[in-house]
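# Commentary on secondary and tertiary structure
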Amino acid sequence: MMEKAGVMAKLTGTEVFEVTGKLEVTEVPDGFVIYDETGEQVHYLNPTAAVIYTICDGKMPVRDIQAFVREAYDLEEDVELDGFFADLEKAGLVCQAK
């Protein structure tokens, strides 16, 4: 994700993200626990975040992920995912697919 003056740029909806690195993903009753052996960090994703993380396959653009979440949770409008993807990217859990 591109940064401008220390602030993450707003997503356009066409970006595509994929899972990065060799991460150990463990499903737990209330989401995922992800261990990054390289960075020696443990991350926790709640159930909704775990679903979104799972569909980051390097093919589905953000706008389609927003539509998926909107339909799955019967929402009237798209969920803003800029911060979510910025956090996952900063943690090294996803990167933009090329």
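Residues numbered from 1 in each chain as written. Predicted model: local features only at pLDDT ≥ 70, side-chain atom pairs only at ≥ 80, totals over all residues. Heavy atoms only, no water.

## A closer look at the pattern of salt bridges
- Across all of its chains, the model carries two salt bridges by this definition.
- The salt bridge involving Asp82 is made with Lys10; its shortest N-O contact spans 3.5 Å. Here Asp82, found in helix H3 (residues 82-90), pairs with Lys10, found in the loop between strand S2 (7-8) and strand S3 (16-19); they are 72 residues apart in sequence, far enough to count as distant.
- Residue Arg70 pairs with Asp78 through a salt bridge whose shortest N-O separation is 2.2 Å.
- The exposure class assigned to Arg70 is partly exposed, which follows from its relative accessible area of 24%. (Salt bridge = Lys/Arg side-chain N within 4 Å of Asp/Glu carboxyl O. Helix = DSSP H or I, 4+ residues; strand = E, 2+ residues; numbered from the N terminus. Buried < 20%, exposed > 50% of the residue type's maximum accessible area, 1.4 Å probe, protein only.)

## Here's the deal with the packing of aromatic side chains
- All told, the structure shown has three aromatic pairs when counted by the stated rule.
- Aromatic pair Phe84 and Phe85: ring centres 5.3 Å apart, planes at 75°, arrangement edge-to-face. Phe85 matches Phe84 in its accessibility class, with the two residues each being buried.
- Through pairs of rings, three or more aromatic residues link up here, namely Phe17, Phe84 and Phe85. (Phe/Tyr/Trp six-rings, centres within 6.5 Å; stacked < 30°, edge-to-face > 60°.)

The quantities given are spatial measurements derived from coordinates; they are silent on function.
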